[in-house]
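# A closer look at the structure
Listed here are the chains, written in short residue letters.
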Amino acid sequence: MLTVDGLEIRQDDFRLTADFTVPTGAIVAVIGPSGAGKSTLLSVISGFFAPVAGQVLWDDRDITKAAPGERPLSIVFQDNNLFPHLTALQNVALGISPSLRLADADKGKVRTALDRVGLQGLEDRKPAALSGGQQSRVTLARVLVRGKPLILLDEPFAALGPALRVEMLDLVAELARAERATVLMVTHNPEDALRIADQTIVVADGVAAAPVPTKELFDNPPDHLRDYLG
Amino acid sequence: MAERAQPLIRLWPGVGAALLVAALTLGTLAAVALRAEGWAGLTGSDWAAVRFTLLQALLSAAISTALAVPVARALARRRFAGRAALITILGAPFILPVIVAVFGLLAVFGRNGLVSHLFETVGLPQIQIYGLHGVVLAHVFFNLPLATRLILQGWSSIPAERFRLAGSLGFTTGDVARVLERPMLKATVPGAFMVIFLICTTSFAVALALGGGPKATTVELAIYQAFRFEFDLASAALLGLLQFAICAVAAAVAMWVQVPEVGGAGLDRTVERWDARGIALRWLDAGLILSAALFLLVPLGMVALDGVRGLPRLPASVGSAAARSVVVALCAAGLTVVLSLALSFAIAAMRGTLAKRMLEGVGYLAISASPLVVGTGLFILIYPYVDPVSIALPITALVNALMSLPFALRILVPAVAQVDRQFGQLADSLSLLGWARIRHLYLPRLRGPVGFAAGLAAALSMGDLGVVALFADPQAATLPLQMYRLMAAYQTEAAAAAGLLLLALSLALFWLFDRGGRINADG
């Protein structure tokens, strides 16, 4: 269970507060106008940006001060998720060992993960030799081998075409449910939220609201969300 | 940012490198200072050296920038076949061995040179190349291209839309100059002037070859003479302090006027100029570009021509000198890369702005240190224990690495920052810290910049005729020193061949490293 307790984020004259919990295994969309602080909220949860007040807890353990790599989560950014000079296999293997020293069992794990995302046979390709969708799959394979209970996605498929984006969303949902992982996904597209997210957090007017069931939210949106949806 | 384990492996080598640089610059200066015997010891000829140093630097900087403005303007507003090649060649003097350029200039402007012969046939007196003229001529040869590139960069930084707007408003060339170009020049020219002034104040090899005598001795040359001919350590020490003071003041002024970056980006861009279509302006620009190209290329052509002719007379001593030089250059390049990477990683890993600044400052100390002062200081420090002549080559490599360090830092510090901007968060989220981050992130991503920096360092070291002249064992000269000796002994053909070999080796080393860094690079 992810708990965001009395969180206050400040950056120059930008201010955002958040106070909510996300149950284990839920897939939650984070939606709201650009500049509202969706990505900043993810930055704080993942440890790249320190809040001025409040705590981030995972299963009641305070992780507010932990280093990004030591938190029980994997994050997928909008871009630059893969190192262009490493092969698909190496990029995934980094999720097991940053020094890339792998035991045979670890190599097996990496191969299995690549198989699960549908990339068998492409282990030795570098990102430049993979399509956009395949690159996203490599990133997801790394999320799998890391095996962290929380997955943060910061508009990861925004650069993909509509059909491919839907395909990747379904893959995320499938993998997350199989792993019983909790997912927080920033998106600006209501369809993405409706497709895979049980619940949705609306970030607007300086507040990240507690998650509410996605379908109800879009059936009967509050005013600030209606303005955004148009 | 949340608390992150301090990546110690990225900090301590950089701190060590900074201490080494500080010891080599400030430490040797202190060693020199302890040897000096007060200002009363300065003779009239010492002051003459100071005056000459400042005068020639002032003239070289003024003439280089004054000529560079019209040449850069011509390059900025004309498109022609070979333009990109010419601009690339303008960057070449930076890695051109000084002694090779001096040889080429002598072949054109010297007593038996092309221009003298031309003058003779029309009954004009010979030109006198030795002395102030020659020193300034050589400095202009080296720095006119640099100034042209710096100022051309200023022109490229004016957005093309402004020239389009000027065209739509019917601006004349004069209007464009007043409204668009003069403000840019005001921001660019002082910086270019100061860089060249600073470079020329540490002139040694040019003064050694073309100056000399009581009227044309720079402080660096005076240090060499006091050391080499009179073995007057106290006098050399005092001159060393003077040289450091001159460099430090010039470097401080250079930082104050904001020196433009010597980058290559955007130089191959031309903008359509509606104001400069007149036939007279076209001829003017063509003449300027042609003159600049000839001034640059003819001396180098003479080196190639005479060199090929002299090849059969290449003495065996040149071959062994070349081998020594290559080894020294490779060591210097390796050392430059290790020191500058260590400093760049530490600068990127430091959190306090002050600490960052201090490390950067130490890196740039090398700009105001003169190689001969460092050499003199090292001599004073080591001669009680070791015969300095026996370790002349390692010292040369060390001092060469120190001299290349500021350039390498200019390349690598921004490159490391760029890698961190692009991949830092991803690496942090994967706990890619410490050595793993260096090995799997920095080194692969920095191959291009590291290759470029190593190429510059290798070429600069290959062509350096500085500290090696202080200690050199007659039996173990480097190639530039050997070439200088051949020239001094009037073995012109052998010197030409050695010059061609030196030029080829310098360019080859640069090319190999630079190429090696870029080949098979991933996006």
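So, how was this worked out
- Residues numbered from 1 in each chain as written.
- Chains lettered and ligands numbered in written order.
- Predicted model: local features only at pLDDT ≥ 70, side-chain atom pairs only at ≥ 80, totals over all residues.
- Heavy atoms only, no water.
- Helix = DSSP H or I, 4+ residues; strand = E, 2+ residues; numbered from the N terminus.
- Buried < 20%, exposed > 50% of the residue type's maximum accessible area, 1.4 Å probe, protein only.
- Contact = heavy atoms within 4.5 Å.
- Core = buried A, V, L, I, M, F, W, Y, C linked by side-chain atoms within 4.5 Å.
- Domains from an automatic or database assignment.
- Buried area = accessible area lost by both parts, 1.4 Å probe.
- Salt bridge = Lys/Arg side-chain N within 4 Å of Asp/Glu carboxyl O.
- Polar contact = N/O pair within 3.5 Å; in protein donor to acceptor, adjacent residues only side chain to side chain.
- Nonpolar A, V, L, I, M, F, W, Y, C, P; charged D, E, K, R; others polar.

Here we take up the environment of serine 325 of chain B. All names here are of chain B. Mapped onto the elements, serine 325 comes out in helix H13 (residues 316–349). Given a relative accessible area of 2%, serine 325 falls into the buried group. Along the chain, serine 325 and alanine 392 lie 67 residues apart, while their C-alpha atoms are 12 Å from each other. Not counting chain neighbours up to four residues away, the residues in contact with serine 325 comprise Met462, Thr478, Leu479 and Pro480.

Let's shift gears to the nonpolar core. In this structure, Ile99, Trp155, Leu210 and Leu465 of chain B are the most contacted members of the largest nonpolar core, which totals 153 residues. By residue number, the principal contributor to this core is helix H6 (residues 132–156) of chain B, which donates 13 residues. Residues from two domains meet in this core; each of domain 1 (1–35 + 314–523) and domain 2 (44–311) of chain B gives at least three. Look past the residues within four positions of leucine 465 of chain B in its chain and what remains in contact with it is Ile99, Phe204, Ala205, Leu208, Pro480, Leu481 and Tyr484 of chain B. Phe20, Ile63 and Ile151 of chain A together with Tyr442 of chain B belong to the second-largest nonpolar core, a separate cluster that totals 99 residues.

Let's shift gears to the interface of chain A and chain B. Across the contact, 29 residues belong to chain A and 22 residues belong to chain B. Carbon and sulfur atoms make up 62% of the surface buried where chain A meets chain B, a total of about 2,200 Å² over both sides. Connecting chain A to chain B are 0 salt bridges. Viewed at the interface, chain B and chain A are joined by 7 residue pairs in polar contact (both at pLDDT 80 or more).

What follows is about the domain arrangement of chain B. Residue and element names in this part refer to chain B. If you check the domain split of chain B, you get domain 1 (1–35 + 314–523) and domain 2 (44–311). Here the C-alpha centre of domain 2 lies 25 Å away from the C-alpha centre of domain 1. The interface of domain 1 with domain 2 comprises 46 residues on the first partner and 44 residues on the second. Between the two partners, domain 1 and domain 2, sit 0 salt bridges. Taken together, domain 1 and domain 2 are joined by 4 residue pairs in polar contact (both at pLDDT 80 or more). Broken down by element, the residue count for the side of domain 1 that touches domain 2 peaks at 12 residues, all from helix H21 (residues 492–518). Tallied by class, the residues present in the side of domain 1 that touches domain 2 amount to 35 nonpolar, 8 polar and 3 charged.

This next bit is on the side chain of serine 370 of chain B. All names here are of chain B. Position of serine 370 among the secondary structure elements: in the loop between helix H14 (353–368) and helix H15 (371–382). A polar contact of 2.7 Å, which involves the side chain of serine 370, links it to the side chain of glutamate 220. The residues contacting serine 370, other than those within four sequence positions of it, are Thr202, Glu220, Gln243 and Met403.

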